[in-house]
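A closer look at the structure
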Amino acid sequence: MPDAHELSSGLLRVFVEVARLGSFTAAGNRLGYTQSAISRQISALEDEAGTPLFDRLPRGVRPTEPGRRLLLHAEAVLDRLEAARRELADLRELATGRLRVGGFATADVSLVPKAIAAFQAAYPAVAVTLTEGYTPGLAKRLRAGELDVAILSGDGPFDGLDLRKICDDPMSVALPAGHRLARRRRVRLADLAEEQWIAGSDRPEETLISSCLEHGFQPRIGFVARDWLAKQGLVAAGVGITLIPAIAAESVRPDITVVRLHPDEVPVRAVHAATPAGVTLSPATRAFLGIVND
């Protein structure tokens, strides 16, 4: 008997219809074929199966024992193919599926939640998950196929990723409410040279305050706090200052003061929506990109 892969779905569909109706003519009428075309296809299937599949009777046809056995498998195969077609159609129409989003902490304050909310309102049947992390780790997870899309900051390196720029994110300085500079309309970085800073790392070149290095002074880091709320808490307690990204402005505590930096000295970082390079994007990912870039 030839290999099973030679039993094409088209022939199986004709076979099942003939078995159900017990007639080549009736099956042809149902499928839009002539009686002779149905007969040729069943003969071709019998040649592939290596055995008669129907007994030709004076009135119609009836499956043989091999035909009855094949019918069970053929119905199961066609049911699975139909389920696959429905699932693919649902994925195209975003009636099912998943979306794995990544975002860095301050993007997750407002930008990412608003995009997810809009996506879920438009496509409620798609399951969405969110992973928070630092940009290098999120980029690594994208490359590994563990995320579909991630919101990243900075200038990379982003090898192996496709980037779509969302916005530029300028910084302001967050000061304790009673700070000597809190009433200023704007300040220069040099005005902050003697301050104690709260940063996400004890290496300023790896943090948002790296711009201080470009303006002639080494910032004195008093506390390292990776959590966004912790940074604000330390500022509010009066033990240091930090930089506030514009995309996180909605989350600023009322007991700290945000002062703009001089336009010539404002640190700005780029914010990107990133996807793995060379990968066919899912319909859900494409829809999310359309929303987050809107």
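Some details on the environment of Asp90
- Here Asp90 is to be found in helix H4 (residues 65-92).
- Taking C-alpha positions, Asp90 is 53 Å from Arg186, a pair spaced 96 residues apart along the chain.
- Sequence-distant contacts of Asp90, that is, excluding residues within four places in its chain, are made with Ala95 and Thr96.

Describing H4
- The first and last C-alpha atoms of H4 sit 41 Å apart over 28 residues, in line with the 40 Å expected at 1.5 Å per residue.
- Taken as a whole, H4 has its buried residues at Gly67, Leu70, Leu71, Ala74, Leu78 and Ala89.
- Elements that come into contact with the buried residues of H4 comprise helix H1 (9-21), helix H3 (35-49) and strand E2 (61-63).
- Residue Leu94 follows H4 closely and has a positive phi angle near 60°.

Some details on the environment of Glu195
- Mapped onto the elements of the fold, Glu195 is located in the loop between strand E7 (186-187) and strand E8 (196-199).
- Here the alpha-carbon distance between Glu195 and Val61, two residues 134 residues apart in the chain, equals 93 Å.
- In this structure the side chain of Glu195 is engaged in a polar contact, spanning 3.0 Å, whose partner is the side chain of His179.

Here we look at the packing of helix H2 (residues 24-31) against H3
- At a closest axis distance of 8 Å, the pairing of H2 and H3 adopts a crossing angle of 105°. Judged by the inter-axis angle, H2 sits roughly perpendicular to H3. Within the contact between the two elements, H2 uses Phe24, Thr25, Ala27, Gly28 and Leu31 and H3 uses Gln35, Ile38, Ser39 and Ile42.

Some thoughts on the packing of aromatic side chains
- On inspection of all chains with the given rule, the structure shows four aromatic pairs.
- Relative to Phe54, the ring of Phe24 lies with its centre 6.3 Å away and its plane at 90°, an arrangement referred to as edge-to-face. Of the two residues, Phe24 sits in helix H2 while Phe54 sits in strand E1 (residues 54-56), which places them 30 residues apart along the sequence.
- For Phe24, a relative accessible area of 8% translates into the label buried.
- Judged by centre distance (5.2 Å) and plane angle (50°), the rings of Phe119 and Tyr123 are tilted.

Section: helix H8 (residues 228-236)
- Within the span of H8, buried status applies to Trp228, Lys231, Gln232 and Val235. Here the buried residues of H8 occupy an arc of 95° about the axis, which is enough to place them on one side.
- Tucked inside the fold, the buried residues of H8 contact strand E6 (161-176), E8, strand E10 (242-245) and strand E11 (256-261).
- Its side-chain oxygen placed 3.0 Å from the backbone nitrogen of Leu229, Asp227 serves as the N-cap of H8.

Details of the nonpolar core
- Counting 22 residues, the largest nonpolar core has Leu99, Leu111, Val112, Phe119, Ile151, Phe288 and Val292 as its most contacted members.
- For this core, the secondary-structure elements that each account for two or more residues are strand E3 (98-103), helix H5 (111-122), strand E5 (149-153), strand E12 (268-276) and helix H9 (283-292).
- Look past the residues within four positions of Val112 in its chain and what remains in contact with it is Val101, Ala107, Leu130 and Ile151.
- By size, the runner-up hydrophobic cluster in this structure holds 21 residues, among which are Phe15, Ala27, Ile42 and Val61.

Here we look at the packing of H5 against H9
- Across the interface, H5 lies against H9 with an axial gap of 9 Å and an inter-helix angle of 125°. Viewed along their axes, H5 and H9 adopt a mutual orientation that is oblique. Considering the relative orientation of H5 and H9, their crossing is right-handed. Between H5, through Leu111, Ala115, Ile116, Ala118 and Phe119, and H9, the contact on the second element is made entirely by Ala284, Ala287, Phe288, Ile291 and Val292.
- Within the contact of H5 with H9, the residues separate by chemical class into 10 nonpolar, no polar and no charged.

Quick look at the environment of Lys114
- The residue Lys114 is located in helix H5 in this model.
- Expressed as a C-alpha distance, the spacing of Lys114 and Ile291, which sit 177 residues apart in the sequence, is 9.4 Å.
- Within the structure, Lys114 has its side chain in polar contact with the side chain of Glu250 (distance 2.9 Å).

Calculation notes
Residues numbered from 1 in each chain as written. Predicted model: local features only at pLDDT ≥ 70, side-chain atom pairs only at ≥ 80, totals over all residues. Heavy atoms only, no water. Helix = DSSP H or I, 4+ residues; strand = E, 2+ residues; numbered from the N terminus. Contact = heavy atoms within 4.5 Å. Expected span 1.5 Å × (residues − 1). Buried < 20%, exposed > 50% of the residue type's maximum accessible area, 1.4 Å probe, protein only. Polar contact = N/O pair within 3.5 Å; in protein donor to acceptor, adjacent residues only side chain to side chain. Axes fitted to C-alpha atoms, helices over the stretch in contact; angles between N-to-C directions. Parallel < 35°, antiparallel > 145°, perpendicular 65-115°, else oblique. Phe/Tyr/Trp six-rings, centres within 6.5 Å; stacked < 30°, edge-to-face > 60°. Arc of directions from axis to C-beta. Core = buried A, V, L, I, M, F, W, Y, C linked by side-chain atoms within 4.5 Å. Left-handed = near helix turned anticlockwise from the far one by under 90°. Nonpolar A, V, L, I, M, F, W, Y, C, P; charged D, E, K, R; others polar.

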